[in-house]
Amino acid sequence: MSTQKLRAIYKQLTDKIDISKEKALFEIKELKTDLNELQRHLSGRKKETDIQPEDLMRSVYEIAQFLRDMQKREEILAELEEVAAETEAEEYLLSRGAKLLTRPAGWHFQTAKERFLLHESDMVKAAAELRKLLAAGKRLKKPAKKKK
């Protein structure tokens, strides 16, 4: 999947999360005003009220629904970000010459002089370690050509 499609999906998910937040906040404000009015009525400061118990229940139900919707979308967004990070890390590791070996298990990077065990199983951490190594000057050196 292209990065433009992924960005569009991320944007759509975050927009829907924001919309759910706004709707939940609106319902909370409405519920707050209804509860304040009900409190004034029950304490005797207000003689009559037109608040129905079903209105309170509906508001609470809608708030709960918006919260469930936000949590579900945030979980999906977190999973997508995790998969994207792992894919990017794997591409980086493979493009730099790192290999996933079984003995010792993990991602390995080899230079002309040394071999590095980057990380056992986490590709993202292995890619971060490889970036540090390459920034420190541990680059693959091409073998010298034989002179005739």
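One structure accompanies this document, and this report is about it. Just so it is clear, the structure is predicted and the values come from calculations on it, not from any experiment. (Residues numbered from 1 in each chain as written. Predicted model: local features only at pLDDT ≥ 70, side-chain atom pairs only at ≥ 80, totals over all residues. Heavy atoms only, no water.)

The next point concerns helix α3 (residues 123-135). Over its 13 residues, α3 runs 18 Å from end to end, which matches the ideal 18 Å to within 8%, given 1.5 Å per residue. Buried within α3 we find M123, A126, A127, L130, L133 and L134. End-on view of α3: buried residues confined to an arc of 120°, all on one side of the axis. Seen from the open side of α3, the exposed residues pointing more than 90 degrees away from its buried face are K132 and A135. (Helix = DSSP H or I, 4+ residues; strand = E, 2+ residues; numbered from the N terminus. Expected span 1.5 Å × (residues − 1). Buried < 20%, exposed > 50% of the residue type's maximum accessible area, 1.4 Å probe, protein only. Arc of directions from axis to C-beta.)

Under the counting rule described, the total for this entry stands at zero aromatic pairs. Its guanidinium or amino end placed over the ring of Y92, R131 lies 4.1 Å from that ring's centre, counting from NZ or CZ. (Phe/Tyr/Trp six-rings, centres within 6.5 Å; stacked < 30°, edge-to-face > 60°. Lys NZ or Arg CZ within 6 Å of the ring centre and 35° of its normal.)

Here we take up the nonpolar core. Counting residues in each nonpolar core, the largest one holds 14 residues, and the members touching the most others are L93, A98, W107, F109, L118 and L130. Going through the elements one at a time, α2 (53-95), β2 (105-110), β3 (115-119) and α3 are the ones with two or more residues in this core. Broken down by element, this core gets its largest block of residues, six residues, from α3. Those residues in contact with L93, other than ones at most four positions away along the chain, are A98, W107, L118, M123, A126, A127 and L130. (Core = buried A, V, L, I, M, F, W, Y, C linked by side-chain atoms within 4.5 Å. Contact = heavy atoms within 4.5 Å.)

All right, on to the environment of K125 then. Position of K125 among the secondary structure elements: in helix α3. The class of K125 is partly exposed, set by a relative accessible area of 46%. Here the alpha-carbon distance between K125 and G106, two residues 19 residues apart in the chain, equals 11 Å.

Here we come to a negative patch on the surface. Residues E74, E75, E79 and E82 make up a contiguous surface patch of negative charge. Mapped onto the secondary structure, E79 falls in helix α2. (Patch = residues over 30% accessible without salt bridge, like charges linked within 9 Å, V, L, I, M, F, W, Y side chains within 5 Å. Areas by Shrake-Rupley, 256 points an atom, 1.4 Å probe, with all protein chains shown as cover. Salt bridge = Lys/Arg side-chain N within 4 Å of Asp/Glu carboxyl O. Lys, Arg positive; Asp, Glu negative; His and termini not counted. Charge placed at Lys NZ, Arg CZ, Asp CG, Glu CD.)

So, on to the sheet that holds β2. If you walk across this open sheet you meet the three strands as β1-β2-β3, and the pairing is antiparallel. Each end of this open sheet is capped by a strand with a single partner; those strands are β1 (99-102) and β3. Taken pair by pair, the neighbouring strands of this sheet meet at an average axis angle of 45°, ignoring direction. The sheet contact formed by β2 and β3 spans four bridges and is antiparallel. Residue pairing for β3: H108 is matched across the bridge by L117. (Pairing = 2+ DSSP bridges. Axes fitted to C-alpha atoms, helices over the stretch in contact; angles between N-to-C directions.)

Scanning all chains against the criterion turns up five salt bridges. Two residues, R58 and E27, come together in a salt bridge whose shortest N-O distance is 3.8 Å. Highlighted residues: R58 in helix α2 and E27 in helix α1 (residues 3-43), separated in sequence by 31 residues. Close ionic contact of R73 with D69 constitutes a salt bridge, the shortest N to O distance being 2.6 Å. Taken together, the positions of R73 and D69, both in helix α2 and four residues apart, correspond to about one turn of that helix. If you follow the salt bridges from partner to partner, you end up with E27, R58 and E62 in one network.

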